[in-house]
Amino acid sequence: ACQFGDERSFVPSRFLNSTHIQCRAPRMRGAPGLTMVGIVLEEVSVAAESRIYFDYVDLVGTSLYPPSGSVQGGTEVAVVLRHDRADIVSHCRFGGSIVEAIVTPGPGNVAKCRSPPALPEVDLAPLALSTNGIDFTASYLNFTYLSDPFVDRMEPLSGPGV
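To keep things clear, this report deals only with the structure shown in the data block. (Residues numbered from 1 in each chain as written. Predicted model: local features only at pLDDT ≥ 70, side-chain atom pairs only at ≥ 80, totals over all residues. Heavy atoms only, no water.)

**Overview of the state of the cysteines**
A disulfide bridge is the covalent bond that connects two cysteines by way of their sulfur atoms. By the definition in use, this model includes two disulfides. Here C92 connects covalently by a disulfide to C113, the sulfurs 1.5 Å from one another. Note that C92 is positioned in strand β11 (residues 91–94) and C113 in strand β13 (residues 110–114), a separation of 21 residues in sequence. As far as the burial class goes, C92 and C113 line up, both buried. Ordering the disulfide-forming cysteines of the chain by sequence position, one finds them joined as 1-2, 3-4. (Disulfide = S-S within 2.5 Å. Helix = DSSP H or I, 4+ residues; strand = E, 2+ residues; numbered from the N terminus. Buried < 20%, exposed > 50% of the residue type's maximum accessible area, 1.4 Å probe, protein only.)

Structure representation (structure tokens):
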């Protein structure tokens, strides 16, 4: 089992091989940041030679710009984060479509993604962020897909030459 932080609650571990186990981190309690991870084998704590930490991150977006773009995709969307952790955003999910984030070097609070083409019958896509392409934040922001404009009629059809 694995123990996250000083809590007496444990999460199950999965044996991978003689040197690796896998644990699913429990939901974050309290403030984001580093928490120590302990390993328990057969009810005995195992001291690691080096301390192991898990970094709980808060990737909550407060706004996005632009809030809409073409159903064809390709709109560069800037997501303003509550904290300066944009450099660890690796993927964005627009509804059911996952895309790689546009890498932003160094700390900052704006993550960028390019919108994928809209899925059929989807006009509004909840936008979520990830540090690994698997686990995504809860989404409180929506990206609206708009049909591409087209010229239906033009008036006047002619005018003075320049």
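**Focus on the environment of S13**
Tracing the sequence through the fold places S13 in strand β3 (residues 13–17). With 28 residues separating them along the chain, S13 and L41 place their C-alpha atoms 9.4 Å apart. Residue contacts for S13: discarding those within four places in its chain leaves A1, C2, I21, Q22 and C23. A distance of 3.1 Å separates a polar atom in the side chain of S13 from the backbone nitrogen of A1. (Contact = heavy atoms within 4.5 Å. Polar contact = N/O pair within 3.5 Å; in protein donor to acceptor, adjacent residues only side chain to side chain.)

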